[in-house]
Amino acid sequence: MAKTILVTGASSGIGEATVRLFSRKKWNVLATMRSPEKAGDLATLPGVSILRLDVTDLDSIRSAVDEGLAQHGAIDAVVNNAGYGMVGPFEATTPEKVQKQFETNVFGLMNVTREVLPSMREKRSGTIINMSSVGGRITFPLYSVYHATKFAVEGFSESLQYELRQFNIKVKLIEPGPIKTPFYDRSQDLVSKEGLKAYDTFVARALPHMQKEGHNAPGPTGVAYTVWEAAMDNTYRMRYPINAEAMLSLRKLLPDRAVFKLVRSVLLR
Ligand SMILES: NC(=O)c1ccc[n+]([C@@H]2O[C@H](COP(=O)([O-])OP(=O)(O)OC[C@H]3O[C@@H](n4cnc5c(N)ncnc54)[C@H](OP(=O)(O)O)[C@@H]3O)[C@@H](O)[C@H]2O)c1
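1. Observations regarding helix H4 (residues 144–164)
If you check H4, its first and last C-alpha atoms are 30 Å apart, about what 21 residues at 1.5 Å a residue would give, namely 30 Å. Those residues of H4 not exposed but buried are Val-145, Tyr-146, His-147, Thr-149, Lys-150, Val-153, Glu-154, Ser-157, Leu-160, Gln-161 and Leu-164. On its buried face, H4 is in contact with strand E5 (86–87), helix H3 (95–123), strand E6 (126–131), strand E7 (169–176) and strand E9 (239–242).

2. Observations concerning the site of the ligand
The environment of the ligand is formed by 30 residues, the closest being Ser-11, Ser-12, Tyr-146, Thr-181 and Ser-187. In the environment of the ligand, an oxygen atom lies 3.4 Å from a nitrogen or oxygen atom belonging to the backbone of Gly-13. Between an oxygen atom of the ligand and a main-chain N or O atom of Ile-14, the distance comes to 2.8 Å. Computed on the free molecule, the ligand has an accessible area of 890 Å², of which 98% lies beneath the protein chains in the complex. Elements supplying a minimum of two residues to the shell around the ligand: helix H1 (13–24) and H4. Taken together, the residues of the shell around the ligand break down into 12 nonpolar, 13 polar and 5 charged.

3. Here's the deal with the nonpolar core
Ranked by size, the top nonpolar core spans 31 residues in total, and within it Leu-6, Leu-53, Ile-75, Val-78, Val-116, Leu-164 and Ile-169 carry the most contacts. Within the residue set of this core, elements represented by two or more residues are helix H2 (58–72), H3, H4 and E7. No other element matches H3, which puts 7 residues into this core. Excluding residues within four positions of it along the chain, Leu-164 makes contact with Leu-117, Ile-169 and Val-171. Residues Ala-10, Ile-14, Phe-22 and Val-79 belong to the second largest nonpolar core, which totals 30 residues.

What counts as what
Residues numbered from 1 in each chain as written. Predicted model: local features only at pLDDT ≥ 70, side-chain atom pairs only at ≥ 80, totals over all residues. Heavy atoms only, no water. Helix = DSSP H or I, 4+ residues; strand = E, 2+ residues; numbered from the N terminus. Expected span 1.5 Å × (residues − 1). Buried < 20%, exposed > 50% of the residue type's maximum accessible area, 1.4 Å probe, protein only. Contact = heavy atoms within 4.5 Å. Near = heavy atom within 4 Å. Polar contact = N/O pair within 3.5 Å; in protein donor to acceptor, adjacent residues only side chain to side chain. Areas by Shrake-Rupley, 256 points an atom, 1.4 Å probe, with all protein chains shown as cover. Nonpolar A, V, L, I, M, F, W, Y, C, P; charged D, E, K, R; others polar. Core = buried A, V, L, I, M, F, W, Y, C linked by side-chain atoms within 4.5 Å.

What is shown is where atoms sit, not what they do.
Okay, here's the thing in structure tokens:
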């Protein structure tokens, strides 16, 4: 029998690529998005259902999960992918913007996870695949709040796996480096504060390098294959870096001081 996967943030980028791949692999795919009118040709792909799910709206999470369970009897895997990046000096942020960043990248992911757990626990199987980032383990300038959300996703996932293992539910972290998607354009929340000029030179130095990394990066198909590997390998392996292995090795090998120096030399040159 075909397995079923629920993907959040399926309207573009990594989420969309994941939907396309799992449809080709003959899974049932619950392609969820906050604006279903953005589904385009995803709606015509074999096995794909488009469902409305805004990760900041608990009712929409509950009804998408219920609909998925009603359609297929089980949700075998979830990809908590929806997210965006807030960029800019921390001093220019507002409490509301920080709240929204956490509501989407962290609380939304937690709320989706909580809703799928009862059926996975009863079935004694399931895979929770959380879209973290290399930025969940290494930091770069101007992304302080985004990094805080991805570090939170890493800590949440690491602790969660202890309690879910008894039910044969696996927790996975996908850790992409830069991937060319709308993340660096449309989805970016670039913060600035009227009258605050003190960071302008720093932003002008760092931001173009960060944008360039994103625009020159590989597309999202490789990440979709990594999600596929995480869903299929039937192990308790937790972390799946992609386009990030060199950065993560350096982070492991070098002391903080050397890592910060390296990042400054690349992104603040
Ligand atoms: N691209 C990278 O370099 C990179 C690297 C590491 C990790 N990631 C992570 O990968 C994930 C996907 O990003 P992407 O690169 O594929 O960017 P993307 O193309 O901008 O995709 C982001 C997706 O999240 C959705 N989304 C945002 N807020 C939402 C909400 N409240 N409810 C439901 N969906 C929401 C967007 O929907 P709308 O179309 O409605 O806006 C869009 O479908 C994110 O978690 C990101 O942090 C990306």
